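One letter stands for each residue in the lines below.
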Amino acid sequence: MPPGQETVWLDKRGVSHNLASCHCWRCHIHRLTGLVSGGRVTEQESRLEPQKLNLSTTIQAPRTATLAEAAQGLRSRWLVLGIVLIGSFMAVLDVFIVTQGLPSIKTTLGAGGADLELVVSVYSLVYAALLVTGGRLGDILDRKRIFLFGMTIFTVASGLAGYAPSSAFLIGARALQGIGAALMYPQVLSIIQVTFKGPDRSLALALFAAINGIGAITGNILGGFLIQLNIGGLTWRPIFLVNVPIGMAGLLVGTLALRSSRSERPPKLDLLGVGLITLFLVSLVLPLSQGQQLGWPLWTVMLLVLAFPILGLFILHERRLTDKEQDPLIDLDLFRHRSFAIGIPLTLSYYVLASGFFFTFVLFLQSGLGFSPLASGLAFGIINIGFITASLLGPRLIPRFGTRVLSLGYAIQVLGFVAVYITLNSYGTNLNLYELAIPLLIFGEGAGLVLSPLLGIVLAGVPTQEAGEASGVVSTSFQIGNTIGISLFGLLFYNFLGNQASAVSYLNASERVLPLFAVIALSAFLTVFLLSPRRARMIQRLEPQTVTRE
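Calculation notes
- Residues numbered from 1 in each chain as written.
- Predicted model: local features only at pLDDT ≥ 70, side-chain atom pairs only at ≥ 80, totals over all residues.
- Heavy atoms only, no water.
- Patch = residues over 30% accessible without salt bridge, like charges linked within 9 Å, V, L, I, M, F, W, Y side chains within 5 Å.
- Areas by Shrake-Rupley, 256 points an atom, 1.4 Å probe, with all protein chains shown as cover.
- Salt bridge = Lys/Arg side-chain N within 4 Å of Asp/Glu carboxyl O.
- Helix = DSSP H or I, 4+ residues; strand = E, 2+ residues; numbered from the N terminus.
- Phe/Tyr/Trp six-rings, centres within 6.5 Å; stacked < 30°, edge-to-face > 60°.
- Buried < 20%, exposed > 50% of the residue type's maximum accessible area, 1.4 Å probe, protein only.
- Axes fitted to C-alpha atoms, helices over the stretch in contact; angles between N-to-C directions.
- Parallel < 35°, antiparallel > 145°, perpendicular 65-115°, else oblique.
- Left-handed = near helix turned anticlockwise from the far one by under 90°.
- Contact = heavy atoms within 4.5 Å.
- Nonpolar A, V, L, I, M, F, W, Y, C, P; charged D, E, K, R; others polar.
- Expected span 1.5 Å × (residues − 1).
- Polar contact = N/O pair within 3.5 Å; in protein donor to acceptor, adjacent residues only side chain to side chain.
- pLDDT = per-residue confidence, 0-100.

Peer 1: Hey, could you run me through a nonpolar patch on the surface in this one?
Peer 2: On the surface, a nonpolar cluster with roughly 370 Å² of combined accessible area is contributed by Val156, Leu160, Tyr163 and Phe169. Tallying contributions element by element places helix α6 (residues 143–163) first for the nonpolar patch, with three residues.

Peer 1: Just checking my understanding: could you explain the packing of aromatic side chains for this structure?
Peer 2: The geometry of an aromatic ring pair comes down to the distance between the two centres and the angle between the two planes. Across all of its chains, the model carries 23 aromatic pairs by this definition. Taking 4.8 Å as the distance between ring centres and 55° as the angle between the ring planes, the aromatic pair formed by Trp78 and Phe196 counts as tilted. Of this pair, Trp78 sits in helix α3 (residues 77–96) while Phe196 sits in the loop between α7 (167–195) and α8 (198–229), and the two are 118 residues apart along the sequence. On the accessibility criterion, Trp78 (36% relative accessible area) is partly exposed.

Peer 1: What is the right way to look at the packing of helix α15 (residues 404–427) against helix α18 (residues 503–527) in this model?
Peer 2: A pair of packed helices can be characterised by two numbers: the angle between their axes and the separation between those axes. For the pair α15 and α18, interaxial distance at closest approach is 9 Å and the crossing angle is 165°. With respect to each other, α15 and α18 are oriented roughly antiparallel. In this structure, α15 meets α18 at a crossing whose hand is left-handed. Here Ser407, Tyr410, Ala411, Gln413, Val414, Phe417, Val420, Tyr421, Leu424 and Asn425 of α15 lie close against α18, whose contacting residues are Leu507, Ser510, Glu511, Leu514, Pro515, Phe517, Ala518, Ala521, Leu522, Ala524 and Phe525. A class-by-class count of the residues in the contact of α15 with α18 yields 16 nonpolar, four polar and one charged.

Peer 1: Any chance you could explain the packing of helix α13 (residues 338–368) against helix α16 (residues 433–458) here in plain terms?
Peer 2: Running from N to C, α13 and α16 point in directions that differ by 155°, and their axes come no closer than 10 Å. Considering their axes alone, α13 and α16 lie roughly antiparallel with respect to each other. Regarding α13 and α16, the two cross each other, and that crossing is left-handed. Among the residues forming the contact of α13 with α16, the class breakdown is 19 nonpolar, three polar and no charged.

Peer 1: So what exactly am I meant to see when it comes to unusual backbone geometry here?
Peer 2: What is expected of a backbone is that most residues other than glycine have negative phi and most peptide bonds are trans. The phi dihedral of Asn230 is positive, around 50°, even though this residue is not glycine. Looking at the element boundaries, Asn230 is found in the loop between α8 and α9 (238–241). A relative accessible area of 33% places Asn230 in the partly exposed class.

Peer 1: Which parts of the structure should I look at to understand α7?
Peer 2: Think of an α-helix as 3.6 residues a turn; residues three or four steps apart then line up on the same face. Counted at 1.5 Å a residue, the expected span for α7 with its 29 residues is 42 Å, and the 42 Å between its end C-alpha atoms agrees. The buried fraction of α7 amounts to 22 of the 29 residues, a majority that puts the element mostly inside the structure.

Peer 1: Whenever I open this one, the environment of Gly150 confuses me. Can you help?
Peer 2: Within the secondary structure, Gly150 sits in helix α6. In the structure, Gly150 is positioned 28 residues away from Gly178 in sequence and 9.5 Å away in space, judged by C-alpha atoms. Excluding residues that lie within four positions of it along the chain, Gly150 makes contacts with Gly180, Leu183 and Met184.

Peer 1: Just checking my understanding: could you explain the side chain of Thr360 for this structure?
Peer 2: Tracing the chain through its elements places Thr360 in helix α13. For Thr360, a relative accessible area of 4% corresponds to the buried category. Looking at Thr360, its side chain comes within polar contact range of the main-chain oxygen of Gly356, at 2.9 Å. Leave out the neighbours within four places in its chain, and Thr360 touches Phe489, Phe493 and Phe517.

Peer 1: I would appreciate a short explanation of the environment of Leu455 in the present structure.
Peer 2: By the secondary structure assignment, Leu455 is in helix α16. Considering only alpha carbons, one finds Leu455 and Gly343, 112 residues apart in sequence, at a separation of 8.0 Å. Here Leu455 is in contact with Phe208, Ala209, Val474 and Phe478, once residues within four sequence places are set aside.

Peer 1: It is not clear to me how the confidence of the model for the protein should be interpreted in this structure. Could you clarify?
Peer 2: Interpreting fine coordinate detail is not advised for predicted regions of low pLDDT. In the predicted model, the protein carries a mean pLDDT of 77, and the fraction of residues at 70 or more is 79%. Across the protein, the element-wise mean pLDDT spans from 44 in helix α1 (residues 25–33) up to 94 in α6. Below pLDDT 50 for its whole length, residues 1–6 participates in eleven contacts with residues either more than four positions away or in separate chains. Throughout residues 28–71 the model reports pLDDT below 50, and contacts reaching past four residues in sequence, or to other chains, amount to 77 contacts.

Right, dumping it as structure tokens:
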């Protein structure tokens, strides 16, 4: 190749390579495929030396140029979005998919009530405890590496869960799944923040929100369907094994398509902060998950009492590091952005409401009315239809109506809960899926109209360089909300149920918890008015360089 038509790139060790003349295996692969393994060929990539390189024109050989264009297409941002959404979908799916399999797990593994509770809760417990740390590790090391490492752990753990010969083995595999999800999931929002700008970012966040909601609802649908099929006589095992081929495909494509990224100034890991936040979350989540099943022994009460002083110590420690301009695990200055400070409680309340409703509704349909797993899954399919429709509509309404879109969503959710209550009260134990269809569709519409724009509003005032921290806090709020919702409303539902197991008692318990869901939705409706409508309308035009604090 003549001089002036050379392309030079730097590998991770800072060694310069000339693609035209270098004989290393990576340059050879690039000449054959247009891809470089372990480095980058354009100055826009994060692994190149920060100084401007005197790169000459791109290789002009027709075949190489075509392959380079194909490689660039493979790295397109929408393909990147698809890969990370696969990871987030699997992580959210496994919060809910196990619920439909609990009866068959109890039968095949001889699991007791406490074992079943741990099968559900240990995943969310580990997930919530490590999410903030996972987000920070992506900022420090490399979001691509941490995402793929987390997906690897999650995929392997899913295979182990599907193989589990005992309840103890299954509980351990679920904990390992939680570790993988905690490493994988917080990178998703970070990668979206650094990959997209302006209107594209709003659309990407809307799709992320939709995938989260779809994953939560689909967990029950897919779980019921797979158990009903009883593939190969495996009963509940396919609900975990289904992750294995999906995870392997995601790893393969993600290795090629994802771009390396991390904070411009990689921060140090706040080990004391990691310890305190983990201790707080364990102290809060473990008693809420296990207290009802174990009869609230003294240690569960003591952990709950200690949880909030530990949270106070964590806040003081983080405030001290923030004031000293060191590297806190959570930069408390994030909460000076009004959209973030108000959006986090709204996110918590949304997931408390959604997870609590899903959990108690499954109990009511299957244990109370005798619905099959497939039939109860179809009920969630109706919710999903409404959710998807509203999720696609929500981002289009924000430029015109701002945060009032959230108000409308919460108002529709309240209407949905009222409609479900009236339907239960009217038809009683003779209730069928057709009579529930309209109320569930209304609830799904409200849920989609809330979650779709909510994430964009929460992150609207967060600078790109703080994306990892903000993503970790947002993602942790998801899991804390899920755990609190299931534990709190599960506790209330079983208290209302008492020692009876008849269809009438399940109906009465459902009618008593439904007004509480409506109260939470109504409270969120009022909280939305603390947000700035103008700020929300600016989301689609917002660029990282122009972020201002409210």
